[in-house]
Amino acid sequence: MNQLKFASASMCGIRQNAQHSFAMRHGMMIYRSNALYSFIPKNGCSTLRLSVAVANGCIGGIDRGHWIHNNNETFNPSLGEAIAADYSFVVLRCPFRRLASVFLDKFVSKEPPAWGYRDSMQRKIELDSLTFRSFVLSLKQSHVMNADIHWRSQESFLIYENYSDYFSLERFGDAVNALKDKIDLDVIDARELTRHGTDGFETVDDRCYADMEAFDLALMKRQGLCPSHFSMYDDELIHMVSALYKADLALYREKFSDDGLLFK
C-alpha cells in the first residue's frame, strides 16, 4: 500500500486537510498503467503533462499541446486511485537552478506569476526594478513563499512518503528511458511549445547578475543573451536559498547525493 505523506498531518477530515489536498491537486493518473505522476512546476512538468495527456488519449500530440494548461486537474487521482496506484514517480530539481529559472522566466518576461507576486507584496514593488536578490529576500515571508506554485517548496507537491521512482531534471534522460521501460510512457518534449527555459539563448556568466534589475535582464534576453543560473548567485544568496529550501535540498541529496546540484 502507498503511504500518503500528509494524510495524518491534521486530525481534520481529509477533504479539509490543506496539505494533502494541495498535493493531490498536483497528481496525475496515467490510467492504462495505473501510474501516478506528481508534477512540480519548473521541473519539466509541461513535457510530462503533455505526455500524460497523450497517453490518456485526450490529445493526439504537441499540435494540441496548449490543452494541458487548462487541464491541470483533469487527471487528478481520487483517494482510492492514489492508494491503489501500481507505480508512482516525481521529478525533482536542484533548488538553486529552479529558483533562478523562475526569476529569469516568469519575472523577466512579466508572466502572470510575477503579477501575482506583486499582489502578495501589496503592490509595493515594481516588476521592472525587481532584482533576484530582492525576490529571494522576500521569500522569508511565508505568505510570499507559498504564494505561487512556481517557487513553492517541492516537498509540498508530494503525495507519498515514498515514490516508486525519483528522477532529477538534471538527468532527465534517465526518466525518459525508465518511463518507457516501466510503464510504456512516451515522453514528448514540450520545450518548443512553452519556451520557458534558456534554450535558444547564449548563456553568460561573466559577472554576478543578482542585483541587475528585471528590465535590464529583459533587454539582455532581447539580444539573445541570458545569465546562467550560476551567475545569479553570490555567497549570501547561496546561504539564503539553502536555508529557505532546506527540506528540498535534503530530499535531493538523499535521492541523488550532490550530483546535479548547482552548489555542493
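These figures come from a predicted structure and were not determined experimentally.

> How would you explain helix H8 (residues 172–183) if you had to name every residue and give the values?
The end-to-end C-alpha distance of H8 is 16 Å, a good match for the 16 Å that twelve residues give at a rise of 1.5 Å each. Restricting attention to buried positions, one finds in H8 the residues Phe172, Ala175, Ala178, Leu179 and Ile183. Down the axis of H8, the sector holding all buried residues measures 115 degrees, keeping them to one side. The inward-facing, buried residues of H8 contact strand S1 (27–30), strand S2 (35–38), helix H2 (45–55), strand S3 (87–92) and strand S4 (165–168).

> Outline the sheet that holds S4, listing residues and values.
The strand order across the open sheet built from four strands is S1-S2-S3-S4, with neighbouring strands paired in mixed fashion. The two strands at the open ends of the sheet, each matched to only one other strand, are S1 and S4. In this sheet, neighbouring strand axes are inclined to one another by 25 degrees on average, regardless of whether the strands run parallel or antiparallel. Pairing of S1 with S2 involves four bridges; the strand directions are antiparallel. The partner of Met29 across the bridge, within S2, is Leu36. Sheet strands touched by H2: S1, S2 and S3. Its angle to S1, the strand with the most contacts, is close to 35 degrees.

> Quick one: what's the story with the pattern of salt bridges, residue by residue and with numbers?
Scanning all chains against the criterion turns up 19 salt bridges. Across the pair Asp105 and Lys42 runs a salt bridge whose closest N-O atoms are separated by 3.0 Å. With Asp105 in helix H4 (residues 95–107) and Lys42 in the loop between S2 and H2, this pair connects stretches of sequence that are 63 residues apart. For the pair Asp105 and Lys42, one class covers both residues: buried. Put simply, Arg253 and Asp258 hold a salt bridge, and the shortest N to O gap is 2.9 Å. Since its relative accessible area comes to 34%, Arg253 is described here as partly exposed.

Reading the values: the criteria
Along each chain, residues carry numbers from 1 onward, in the same order as the chain's sequence is written. In view of the model being predicted, local features appear only for residues whose pLDDT reaches at least 70, and side-chain atom pairs are presented and counted only at 80 or more, with totals across whole chains, interfaces and linings using the full set of residues. Side-chain metrics rest on all non-hydrogen atoms present in the structure, leaving aside hydrogens and water. Helix and strand definitions follow DSSP, with helices as H or I runs of at least four residues and strands as E runs of at least two, each counted in order from the N terminus. Working rule for helices: expected span equals 1.5 Å times residues minus one. When a residue's accessible area, from a 1.4 Å probe over protein chains only, is under 20% of the maximum for its type it is buried; when over 50% it is exposed; and in between it is partly exposed. The arc in question is traced by the directions running from the helix axis to the C-beta atoms. Throughout, a contact is declared for two residues whenever any of their heavy atoms are within 4.5 Å. Pairing between strands requires that DSSP locate at least two bridges from one strand to the other. To get an axis, a line is fitted to the C-alpha atoms, and for a helix only the part in contact is used. The angle between two axes follows their N-to-C directions and goes from 0 to 180 degrees. Any Lys or Arg side-chain nitrogen found within 4 Å of a carboxyl oxygen on Asp or Glu counts as a salt bridge.

Treat this as a map of the structure, not an account of what it does.
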